[in-house]
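Take a look at the letters that make up each chain.
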Amino acid sequence: MAKKIKLFDPSVGTKEQQVTQQVLKSHFWASGAGIGHVKKFEDSFRKFIDSDNCVAVNSGTAALNLALSLIDLKGKEVIVPSLTFVATVNAILLNGGKPVFADVKHDTMCIDPHHIEKLITKKTKVILPVHYAGMPCDLDKIQQMCKKNDLILIEDAAHASGAKFMGKRIGSHGDIVCFSFHPVKNLAMPTGGLIAINSEHRKMRDVLLARRWCGITNRNNFEYDVKEVGWNYYMNEISAAIGLVQLKKLDAMNRTRRQIAKRYSKEINLERKMPFDENCSYHLYWLMVKNRKKFMEKMFNAGIETGIHYRPVHTMSLYKKNISLPITETAGKGIVSIPIHQNLSDAEVDRIIRTVNQNV
Ligand SMILES: Cc1ncc(COP(=O)(O)O)c(C=O)c1O
């Protein structure tokens, strides 16, 4: 029986093992203030994406929750795709806003700017695009709409570490950009996330630092003050140390993902599949199949893991809406993710392509 091919698989080299050992032996595993490796990671990631400021947190979910906490969303609407992980939308609700779901584009599965335009009302405050599977959204069009309508652009870049739009890294465009470093992500940590802040929002670093550690401010030795509530959202030292190693090889790992994506887009005999784009970080590679259940079973029986990203959020009980999002709903039924990551060998990529083609 051939080796099982995993859908996701982090890169674990000797460097990651060394730094983990070092942090363990140092007995300094975490600090609410985020000193040590956490600060180093923030500085390095900020340079990498060329944002104005960065705050590391302990998940992409925490990044989204904190990012939206910076905006007064009471009675306000946030335009968001329904084809996303539910954390994107939960963050809106948790901060008192109302999610307004937009459809995605047929070719990229990223939020459709034409639909956004139709959804903007007097109550709209934020546009929250998701760089789905690592494919950059049409940020130029979305930024223009934000400017014209005085809206804030908050990007969910959970899939887009290292991706680019118009020659600049994702993280340098929007007012606030949220990353995830969950173990399945392009830059993997045991647990982690980050908020990049640009333009006027760059001044919010201190507010974010307080909110990621229970509201604690004005620390002076053992003294501190609390002016508002906060959470326990700080990143730990092991994650940050691993993140620093992963950041150094992120471009190389993404290059491998792109090489695989290029082959999939040429060699898989399906009409609807993820397109090839040099700017994409290819966190996922999606196919649109007719009988998904059967296809996934066949792949599983051939030792190849697949996944569904995602069940559309507007079809979940909490968010159920009587709206029609035709492209999202079609994707909800037929979209399937196949393995794409830096640990796949050429022979494994051959096997995935062959097995897909035999079963679509
Ligand atoms: C699009 C998207 N947003 C947000 C998140 C949340 O990130 P985390 O799992 O690090 O909390 C994820 C994680 O899967 C995601 O895929």
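Cut-off values and rules
The numbering scheme is per chain: residues are counted from 1 as the chain's sequence reads. Totals for whole chains, interfaces and linings use every residue, but because this is a predicted model, local features are given only for residues with pLDDT of at least 70 and side-chain atom pairs only at 80 or more, for both listing and counting. With hydrogens and water stripped out, all remaining heavy atoms of the structure feed into the side-chain values. Labels follow the DSSP assignment, with helices taken as runs of H or I lasting at least four residues and strands as runs of E lasting at least two, numbered in each case from the N terminus. Residue contacts follow a heavy-atom distance rule, with two residues in contact if any of their heavy atoms lie within 4.5 Å. Each residue is assigned to one of three classes by its accessible area relative to the maximum for its type, calculated with a 1.4 Å probe on protein chains only: buried under 20%, partly exposed between the two thresholds, exposed over 50%. By definition, two strands form a pair when at least two bridges between them are found by DSSP. Two N or O atoms form a polar contact when they lie within 3.5 Å of each other; inside protein one atom must be a possible hydrogen donor and the other a possible acceptor, and for residues adjacent in sequence the pair counts only when both atoms belong to side chains. Scored from 0 to 100, pLDDT reflects the predictor's confidence in each residue. To get an axis, fit a line to the C-alpha atoms, keeping to the stretch in contact for a helix; angles then go from 0 to 180 degrees between the N-to-C directions. Every angle not falling under 35 degrees, over 145, or within 65 to 115 is termed oblique; those three ranges are roughly parallel, roughly antiparallel and roughly perpendicular. Crossing handedness is read from the near helix: turned anticlockwise from the far helix by less than a right angle, it gives a left-handed crossing, and turned clockwise, a right-handed one. In the scheme used here, Gly and all other residues not listed as nonpolar or charged are polar, with Ala, Val, Leu, Ile, Met, Phe, Trp, Tyr, Cys and Pro taken as nonpolar and Asp, Glu, Lys and Arg as charged.

J.: Honestly, the side chain of R292 in this entry has me stumped. Any pointers?
T.: Turning to its location among the elements, R292 is positioned in helix α9 (residues 292-301). In this view, R292 contacts I308, A331, G332, K333, G334, I335 and V336; residues no more than four positions away in its chain are not counted.

J.: What am I meant to see in the pairing of strand β12 (residues 285-288) here?
T.: Residues Y285 and L287 point to one face of β12 and W286 and M288 to the other, with burial holding for every one of them. In terms of strand pairing, β12 meets strand β13 (residues 335-338) through four bridges, oriented antiparallel. Across the sheet, W286 pairs through a bridge with S337, a residue of β13.

J.: What should I look at first to understand helix α3 (residues 60-69) in this one?
T.: Three or four residues apart is the spacing at which side chains of an α-helix point the same way, because the helix has 3.6 residues per turn. In terms of burial, α3 is a largely internal element, nine of the ten residues being buried. Those residues of α3 that sit buried are G60, A62, A63, L64, N65, L66, A67, L68 and S69. Along its buried surface, α3 packs onto β1 (53-57), α4 (86-94), β5 (152-156), β8 (176-180), β9 (193-197) and α7 (205-212). The backbone nitrogen of T61 has a side-chain oxygen 3.3 Å away, supplied by the residue at the start of α3, namely S59.

J.: Before we go on, may I ask you to explain the confidence of the model for the protein chain in this structure?
T.: When pLDDT drops low, the exact placement of atoms in the prediction is not to be read closely. Mean pLDDT over the protein chain stands at 97; residues scoring 70 or higher make up 100%. Of all the helices and strands in the protein chain, strand β10 (residues 216-220) carries the lowest mean pLDDT, 91, while β8 carries the highest, 99.

J.: Can you walk me through the packing of helix α8 (residues 237-267) against helix α11 (residues 346-359) in this structure?
T.: Packed helices, taken two at a time, are described by the angle their axes make and the gap between the axes. Two elements in contact, α8 and α11, have axes whose closest approach is 11 Å; the angle formed by their N-to-C orientations is 25°. One way to sum up the angle between α8 and α11 is to call them roughly parallel. Two packed elements cross with a definite hand, and for α8 against α11 that hand is right-handed. Together, I260, R263, Y264 and E267 of α8 and D346, V349, D350, I352, I353 and N357 of α11 make up the contact between the two elements. Here the residues of the contact of α8 with α11 sort into five nonpolar, one polar and four charged.

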